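Close look at the chain arrangement
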Amino acid sequence: MDNFTFKYYKEIFQTALANNYQIITLKEFFLDEFDSQKKVFINRIDVDIKIERLRDIYKIFTELKIRASIYLRLHASNYNLLSISNILIIQKLKSMGCEISLHTELEDVGEYCNLNKNNLLKQQIDLFELLIGDKVYGTASHGDRTPYNNLNFWDKNKPSDFGLVYEAYDKRLWNNCRYVSDSEWTKWKSYDNGKLLENDRRTPIEHMLDDSPSCFHLLTHPESWYYEYIYE
Ligand SMILES: [Zn+2]
């Protein structure tokens, strides 16, 4: 049975640590701030919907002394980055070394609101840096059930044009890692060096134990994870 409990979530990272992975952020990956002699586990979290579950993730990360890159939306219809409880959890995650950055939806906002997407990204980086009080090193594109693909923005633009070091799907990482994601909510999906592993529903733990990839990239979404029941 697929297991998306927080108990299992914790076991993913325990397995990584027990198998000598260094768990790093995307910023650290793209700035080469890691030990290249050791296996890397790049830990990415996209907060699409349930930002409050970051509190449960924070507890696990504190116990294991690990960190992640966490991407937050400015345009989520169901969370407010400036609510006091959200400011508090963001402060805690920052203080433990997490990278807090922007989950972009540039094609969606640009197309629906008829706004210039390049200006939008510049404004969003400034706004996000002001809100979070930290520099934005890179962004991650959000995927949604709209007719637009937010990644298309990067067909015509480079992160460096916006003072960024990376976009999370940059080829340097994408083409050189085992990427496993919970994007299908109740099923795992994986790519190896940029190629979809068809019908491969192995869990992150199985990927690590079976193949021990030297560069492992995990994407999770807080809303996929729960204690007993997904809508708890
Ligand atoms: Zn997303």
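Residues numbered from 1 in each chain as written. Predicted model: local features only at pLDDT ≥ 70, side-chain atom pairs only at ≥ 80, totals over all residues. Heavy atoms only, no water.

Let us look at the overall build of the protein. Counting its regular elements, the protein contains nine helices and 10 strands. Rg of the C-alpha trace for the protein: 17 Å, near the compact-globule value of 17 Å for 232 residues, within the 12% margin. Taking the principal axes of the C-alpha coordinates as reference, the protein spans close to 45 × 35 × 35 Å. For the protein, the proportion of its 232 residues judged to be buried stands at 51%. Contacts spanning at least 24 positions in sequence make up 70% of the contacts within the protein whose residues lie at least 6 apart. For the protein, the computed accessible surface area is about 11,300 Å², with 48% contributed by carbon and sulfur atoms. A gap of 2 Å separates the mean positions of the 29 positive and 35 negative side-chain charges of the protein. (Helix = DSSP H or I, 4+ residues; strand = E, 2+ residues; numbered from the N terminus. Rg over C-alpha atoms; globule rule 2.2 N^0.38 Å. Buried < 20%, exposed > 50% of the residue type's maximum accessible area, 1.4 Å probe, protein only. Contact = heavy atoms within 4.5 Å. Areas by Shrake-Rupley, 256 points an atom, 1.4 Å probe, with all protein chains shown as cover. Lys, Arg positive; Asp, Glu negative; His and termini not counted. Charge placed at Lys NZ, Arg CZ, Asp CG, Glu CD.)

Quick look at the pairing of strand S4 (residues 99-104) now. Along S4, six of the six residues are buried, which leaves the element largely enclosed by surrounding structure. Pairing of strand S3 (residues 69-72) with S4 involves four bridges; the strand directions are parallel. Looking across to S4, one finds that Ile 70 is bridged to Ile 100. In the classification by handedness, the crossover that spans S3, the intervening helix H4 (residues 84-95) and the parallel S4 is right-handed. With three bridges joining them, S4 and strand S5 (residues 138-141) adopt parallel strand pairing. Bridging across to S5, His 103 finds its partner in Ala 140. (Pairing = 2+ DSSP bridges. Right-handed = clockwise from strand over helix to strand, strands pointing away.)

Let us now look at the pattern of salt bridges. The tally for this structure, following the rule as stated, stands at 20 salt bridges. We note a salt bridge from Lys 156 to Glu 107, for which the minimum N-O separation is 4.0 Å. Of this pair, Lys 156 sits in helix H7 (residues 153-156) while Glu 107 sits in helix H5 (residues 106-113), placing them 49 residues apart in sequence. Residue classification places Lys 156 among the exposed positions, given a relative accessible area of 60%. Using a relative accessible area of 6% as the deciding quantity, one classes Glu 107 as buried. (Salt bridge = Lys/Arg side-chain N within 4 Å of Asp/Glu carboxyl O.)

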